[in-house]
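Summary of structural features
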Amino acid sequence: ETGVTQTPRHLVMGMTNKKSLKCEQHLGHNATYWYKQSAKKPLELMFVYNFKEQTENNSVPSRFSPECPNSSHLFLHLHTLQPEDSALYLCASSQDHLRPSGRGGTGELFFGEGSRLTVL
Amino acid sequence: KQEVTQIPAALSVPEGENLVLNCSFTDSAIYNLQWFRQDPGKGLTSLLLIQSSQREQTSGRLNASLDKSSGRSTLYIAASQPGDSATYLCAVEGDRGSTLGRLYFGRGTQLTVWP
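Note that this is a predicted model, so its numbers are computed, not measured.

1. Focus on the pattern of salt bridges
All names here are of chain B. If you walk through the whole model with that rule in mind, you get eight salt bridges over all chains. The salt bridge partner of Arg37 is Asp39, with a shortest N-O separation of 3.0 Å. Residue classification places Arg37 among the buried residues on the basis of a relative accessible area of 18%. Between Asp95 and Arg96 there is a salt bridge, with the nearest N and O atoms lying 2.9 Å from each other.

Okay, structure coming up:
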C-alpha cells in the first residue's frame, strides 16, 4: 500500500462516545498533520508531529487528543465531542516539517482521503 | 495574520475552454504556494508547488504563476475536460514569526466542466 490512508472513512458518534481516527503513511515521511475541514471554512491546521514529537497544537480543544507512536502512524482520539465538531478530518504528511536550514519551507504535502465525522 | 482568498468561488464552463483560477494572499512572507485539487468527499491532491523564488510551474495542461510581491497566483487550465471538475484550493506556507511553517488555505474554487 502506498500514500496516506485513513480509517474509518465515515464515523457517526454521540456526544458521550469515545472513538479514534487512524492515519497511516507509507511514504517514509517524518512529519504528519491533522487538519479539519468544515463546511464553508478554509482548512484548519490542528496538530503537527515531526519525528514523533508534537511541534504544533493550533489551540485545539482538549476533547481532541492526538497520538503519534511513530512517523508512520497517527491517531486522533475523540471524546465528548460537540455537534459543531462534525467535519472532514484530514491527515497529511511531508518529508519533514520545515526542512533543514538552507532549504526553506516544508515542501509538498500528501493528504489522505479523510474521515467524515458526524456528531449527533 | 495571513489570509488567502480565491476567486471565483464557483465556475461552470463547457468542455474545451481555457480557464483561469485566482488566488491572493495578504502576507508576502512565504516559502511557497501550492495548488491542490479536491474531489467531493475526498482528500487533497497536490497539483503544483511554486517556491517563493520561482515565477511559474507547469504540469501537463496546468500552469501556475506566482507574483509574490503583489500577493497573487493564477492557475491556468488549458483545454478543460469534464474530468477536471473538482474544487481547487491554493495554500501558502509562511516563512517567519507566527506563520513559520504553517499552511494557510483559501476556501477553494468549485469547478464544473460540462460536456
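2. Comments concerning the sheet that holds strand 7 (residues 62–67) of chain B
Residues and elements named next belong to chain B. As summarised here, the arrangement of the five strands in space is 1-3-8-7-6, forming an open sheet in which the pairing is antiparallel. What marks the edges here is a single partner per strand, and that holds for strand 1 (4–7) and strand 6 (56–59). Pairwise comparison of adjacent strand axes, ignoring direction, gives a mean angle of 15° for this sheet. The pairing of strand 3 (residues 19–25) with strand 8 (residues 72–77) spans six bridges and is antiparallel. Bridge pairing in strand 8 places Val20 opposite Tyr76.

3. A short note on the environment of A:Asn58
Mapped onto the elements, A:Asn58 comes out in the loop between strand 6 (53–57) and strand 7 (64–70). Overall, A:Asn58 belongs to the partly exposed group, its relative accessible area being 27%. With 38 residues separating them in the primary sequence, A:Asn58 and A:Ser20 have C-alpha atoms 19 Å apart. If sequence neighbours within four positions are ignored, A:Asn58 has contacts with A:Leu45, A:Met46 and B:Arg102. A polar contact is formed between the side chain of A:Asn58 and the backbone oxygen of A:Leu45, at a distance of 2.9 Å.

4. Thoughts on the state of the cysteines
All chains considered together, the criterion is met by two disulfides over all chains. One disulfide bridge connects A:Cys23 with A:Cys91, the sulfur atoms lying 1.9 Å from each other. One disulfide, between A:Cys23 and A:Cys91, carries an S-S torsion of -70° and so falls in the left-handed class. Residue A:Cys23 is located in strand 3 (residues 18–25), and its partner A:Cys91 is located in strand 9 (residues 87–94); the two are separated by 68 residues in the primary sequence. The class for A:Cys23 is buried, based on a relative accessible area of 1%. Residue pairing for B:Cys23: its cysteine sulfur links by disulfide to B:Cys90, the two sulfurs lying 1.9 Å apart. Measuring the twist about the S-S bond at about 70°, one finds the B:Cys23-B:Cys90 disulfide to be right-handed. With B:Cys23 in strand 3 and B:Cys90 in strand 9 (residues 86–94), this residue pair connects regions lying 67 residues apart in the sequence. Here the two residues B:Cys23 and B:Cys90 agree in accessibility, since each one is buried. Considering cysteine sulfurs only, A:Cys91 is the nearest to A:Cys68, which forms no disulfide, with 9.1 Å between them. Residue A:Cys68 is classed as buried on the basis of its relative accessible area, which comes to 11%.

Conventions used here
- By convention here, each chain's residues receive numbers from 1 onward along its written sequence.
- All chains are assigned letters beginning with A, and all ligands numbers beginning with 1, in the order in which they are written.
- Thresholds applied to this predicted model are a pLDDT of at least 70 for local features of residues and 80 or more for the giving and counting of side-chain atom pairs; totals over whole chains, interfaces and linings are not thresholded and use all residues.
- Hydrogens and water are ignored here; the side-chain numbers use all heavy atoms of the structure.
- In what follows, salt bridge is the name for a side-chain nitrogen of Lys or Arg lying within 4 Å of a carboxyl oxygen of Asp or Glu.
- Between buried and exposed lies partly exposed: a residue is buried under 20% and exposed over 50% of the maximum accessible area for its type, with that area taken using a 1.4 Å probe on protein chains only.
- At least two bridges found by DSSP between two strands is the condition for calling them paired.
- Strands are runs of DSSP state E lasting at least 2 residues, helices are runs of H or I lasting at least 4, and numbering of each runs from the N terminus.
- Where helices are involved, their axes are fitted lines through C-alpha atoms of the stretch in contact, as for all axes, and angles between N-to-C directions lie from 0 to 180°.
- The contact definition used throughout considers only heavy atoms, calling two residues in contact when any of these lie within 4.5 Å.
- Polar contact criterion, stated in full: a pair of N or O atoms within 3.5 Å, where within protein one must be able to donate a hydrogen and the other to accept it, and residues adjacent in sequence count only if both atoms are side-chain atoms.
- Count a disulfide wherever a pair of cysteine sulfur atoms falls within 2.5 Å.

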